[in-house]
Amino acid sequence: MRILLVGGSFNPVHIGHVATAREVGLQFGYDLMLFVPSLRPPHKRLAEEPGPNHRLAMLRLAAGDDAGMAVDDCEITRGGTSFTIDTVRDIATRYAIEGKLGLLLGDDLIPGFPSWKDPALLASEADIICAHRKSVERLPLSVPHRYADNPVIAVSSSLVRERIAHGQPFRHLVPESVYEYIIKEKLYGLH
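Just so we're clear, the structure is a prediction, and the values are computed from it rather than from any experiment.

Novice: Would you mind showing me how to read the overall build of the chain here?
Specialist: Counting secondary structure elements, the chain contains seven helices and six strands. Starting at the N terminus and walking to the C terminus, you meet the elements of the chain as β-α-β-α-β-α-α-β-α-β-β-α-α. The C-alpha atoms of the chain give a radius of gyration of 16 Å, which matches the 16 Å a tight globule of 191 residues would have. Surface summary for the chain: the accessible area is close to 9,200 Å², and the carbon and sulfur share equals 54%.

Structure (structure tokens):
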């Protein structure tokens with residue numbers, strides 16, 4: 001099975017995450033888009049953090065019963081800071097992967113990639129696929145990679161949180177099941 005690893009904080013998961021993963025999976029022939037929520041990302045503080053269990057629950061709702069999408073909680077279960085190289089190695093030991101594991105990298109992460117833990121090793125152990133998040137420009141990356149030809153979807157988790165905080169509509173920015181969960185659990189400052 002060809003697997004594309006889609007990591008992130010997913011705070012919350014939104015339509016851009018799902019649509020981009022599906023598009024990249026189709027373009028590069030992946031059978032499964034495997035979403036892995038981080039416990040503690042090393043390069044950013046999680047704003048308005050509802051807790052890893054809520055983020056995991058929303059991600060599972062977004063994946064639903066789609067056979068092409070799955071969620072793995074290895075970073076949350078492992079504890080500590082979430083390093084992608086550790087996750088790539090963990091996933092490789094537990095899944096029957098055909099060829100190399102794919103690693104989806106949003107172009108917003110490219111400038112900071114050299115500061116990741118063992119970036120050269122990561123690039124040798126996974127096929128890095130860059131996806132457009134901010135623009136259609138192809139940013140340079142010093143390790144082997146390929147670029148997806150995906151549309152830019154101008155949605156971010158921070159935009160969703162900001163709209164919730166200001167009492168603005170956000171239903172169209174997240175999967176319906178995630179919207180219902182946020183409302184039910186009163187996340188991100190909802191009352």
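Next comes the rest of the write-up.
Novice: What is the right way to look at unusual backbone geometry in this model?
Specialist: Among all residues except glycine, the phi angle is most often negative; among peptide bonds, the trans geometry is most common. Look at the link from N11 to P12: it is a cis peptide, with omega at 0 degrees. Residue position: P12 is located in the loop between β1 (3-8) and α1 (15-28). Look at K186: it is not a glycine, yet its phi comes out positive at around 55 degrees. Relative to the helices and strands, K186 is located in the segment after α7 (176-185). Of the residues examined, K186 reaches a relative accessible area of 49% and is grouped as partly exposed. Positive phi outside glycine occurs at Y188, with the angle close to 55 degrees. By the element assignment, Y188 lies in the segment after α7.

Novice: What is the right way to look at the nonpolar core in this model?
Specialist: Where a protein is soluble and globular, its nonpolar side chains tend to be buried together. In this structure, L4, V13, V24, F35, M58, F170 and I182 are the most contacted members of the largest nonpolar core, which totals 36 residues. With five residues, the top contributor of residues to this core is helix α2 (residues 52-63). Once residues within four sequence positions are removed from consideration, M58 is found in contact with P12, V13, P50, V178, Y181, I182, L187 and Y188. If you look at the next biggest cluster of nonpolar residues, it comprises 23 residues, including L5, I85, L122 and Y147.

Novice: Is there a simple way to think about helix α4 (residues 84-94) in this case?
Specialist: One turn of the α-helix equals 3.6 residues, which is why residues spaced by three or four share an orientation. Within α4 the residues assigned to the buried category are I85, T87, V88 and I91. Each buried residue of α4 lies within a common arc of 160 degrees when the element is viewed along its axis, so the set occupies one face. The inward-facing, buried residues of α4 contact β1, β2 (32-37), α3 (74-78), β4 (101-106), α5 (119-125) and β5 (126-131).

Novice: Sorry if this is basic, but what is going on with the environment of P42 here?
Specialist: As for its position among the elements, P42 is in the loop between β2 and α2. Among the residues examined, P42 registers a relative accessible area of 39% and is labelled partly exposed. Separated by 75 residues in the primary sequence, P42 and K117 place their C-alpha atoms 9.2 Å from one another. Beyond its immediate stretch of four places on either side in the chain, P42 contacts T81, S82 and F83.

Novice: Teacher, can you tell me more about the pairing of β2 here?
Specialist: Remember that side chains alternate between the two faces of the sheet whenever the strand is regular. Counting buried positions over the six residues of β2 gives six, a clear majority of the element. Side chains L32, L34 and V36 project from β2 onto one buried face, and the interleaved M33, F35 and P37 project onto a second face that is buried too. A crossover connection joins β1 to the parallel β2 through α1; in handedness this β-α-β unit is right-handed. Two strands pair when backbone bridges link them, and β2 and strand β3 (residues 69-71) are joined in this way by three bridges, in the parallel orientation. Bridging from a neighbouring strand, F35 pairs with V71 of β3.

Novice: Sorry, what's going on with the pattern of salt bridges here?
Specialist: Pairing between side chains of opposite charge can happen when their charged atoms approach one another. Overall, the coordinates contain eleven salt bridges when judged by the stated rule. Across the pair E125 and R89 runs a salt bridge, and its minimum N-O distance is 2.8 Å. Taken together, the residues E125 in helix α5 and R89 in helix α4 connect sequence positions 36 residues apart. D108 is paired through a salt bridge with R133; the nearest N and O atoms lie 3.3 Å apart. Of this pair, D108 sits in the loop between β4 and α5 while R133 sits in the loop between β5 and β6 (146-147), and the two are 25 residues apart along the sequence.

The rules we used
- Residues numbered from 1 in each chain as written.
- Predicted model: local features only at pLDDT ≥ 70, side-chain atom pairs only at ≥ 80, totals over all residues.
- Heavy atoms only, no water.
- Helix = DSSP H or I, 4+ residues; strand = E, 2+ residues; numbered from the N terminus.
- Rg over C-alpha atoms; globule rule 2.2 N^0.38 Å.
- Areas by Shrake-Rupley, 256 points an atom, 1.4 Å probe, with all protein chains shown as cover.
- Buried < 20%, exposed > 50% of the residue type's maximum accessible area, 1.4 Å probe, protein only.
- Core = buried A, V, L, I, M, F, W, Y, C linked by side-chain atoms within 4.5 Å.
- Contact = heavy atoms within 4.5 Å.
- Arc of directions from axis to C-beta.
- Right-handed = clockwise from strand over helix to strand, strands pointing away.
- Pairing = 2+ DSSP bridges.
- Salt bridge = Lys/Arg side-chain N within 4 Å of Asp/Glu carboxyl O.

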